[in-house]
Amino acid sequence: GYHLIYVIVGDGKRKHLIKKMAEDLDLQDSVYLLGRKKHEDALELLLASDVAFYSLKKGDPQSKHAIGTKVYEYIGCKLPILAIADDGSAISNFINKWGIGYFLSWNSLEGIDDALKELLDSQRFKDNLNNNYQYFIEIFDRNLGIDFLYKEIIDFSNSKS
């Protein structure tokens, strides 16, 4: 009952594999491989989307502490996120803590249909994004980190004088 269109931006090494898989599954009319896009164009596509998809390599050594930049872009576009990663990863903890999407572990992929339906049908994820948006903007503001570093360097320099 859902008409889903999967838009893939980028020229990753799996592009041809994804294209072949879409053809094998007879999904060419639902999967669009757009190739490399300027950042502004990619953001326009995100703003026109209903859900964002994020996967992190199984066993990724950074998964416990790092969250990919794409996640911040998804949050900036107020998109609920369907994430697939290892249990206990930073992204799974973040999504679950704030209720801004649905997380599946690599061991529970059979739940992907239900997760996607819930993301599309429930307003709760969008509400959580909207209600916490200003907070997210503040905590992920890179300029705050730069300003803090500058202040620390100045304070350190002054203490040595």
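What comes next is a walk through the structure. (Residues numbered from 1 in each chain as written. Predicted model: local features only at pLDDT ≥ 70, side-chain atom pairs only at ≥ 80, totals over all residues. Heavy atoms only, no water.)

### A short note on the overall build of the protein chain
The helix and strand tally for the protein chain stands at seven helices and five strands. When its helices and strands are written in sequence order, the protein chain yields β-α-β-α-β-α-β-α-β-α-α-α. A principal-axis box enclosing the C-alpha atoms of the protein chain has dimensions of 70 × 35 × 30 Å. Evaluated residue by residue, the protein chain yields a buried proportion of 27% over its 161 residues. Taking contacts inside the protein chain between residues at least 6 apart in sequence as the whole, the part at least 24 apart equals 62%. In the structure as shown, the protein chain presents an accessible area of about 11,200 Å², 53% of it carried by carbon and sulfur atoms. Taking the 20 positively charged and 24 negatively charged side chains of the protein chain as two groups, their mean positions are separated by 6 Å. (Helix = DSSP H or I, 4+ residues; strand = E, 2+ residues; numbered from the N terminus. Buried < 20%, exposed > 50% of the residue type's maximum accessible area, 1.4 Å probe, protein only. Contact = heavy atoms within 4.5 Å. Areas by Shrake-Rupley, 256 points an atom, 1.4 Å probe, with all protein chains shown as cover. Lys, Arg positive; Asp, Glu negative; His and termini not counted. Charge placed at Lys NZ, Arg CZ, Asp CG, Glu CD.)

### Observations regarding helix α4 (residues 90-98)
Of all the residues in α4, the buried ones are Ala90, Ile91, Ser92, Phe94, Ile95 and Trp98. A positive backbone phi angle near 60 degrees is found at Gly99, which sits one or two residues after α4.

### Here we look at the pattern of salt bridges
When their charged atoms lie close together, side chains carrying opposite charge are able to pair. Summed over the entire model, instances satisfying the criterion amount to five salt bridges. A salt bridge links Asp24 to Lys20; its shortest N-O distance comes to 3.0 Å. With Asp24 and Lys20 both in helix α1 (residues 15-24), this residue pair falls four residues apart, about one helical turn. Take Lys20: its relative accessible area is 47%, and that puts it in the partly exposed class. The partner of Arg124 in a salt bridge is Glu118, with the nearest N and O atoms 2.2 Å apart. Classification of Glu118 by relative accessible area gives partly exposed; the value is 28%. Each of Asp11, Lys15 and Arg36 takes part in salt bridges that share partners, so that together they form one network. (Salt bridge = Lys/Arg side-chain N within 4 Å of Asp/Glu carboxyl O.)

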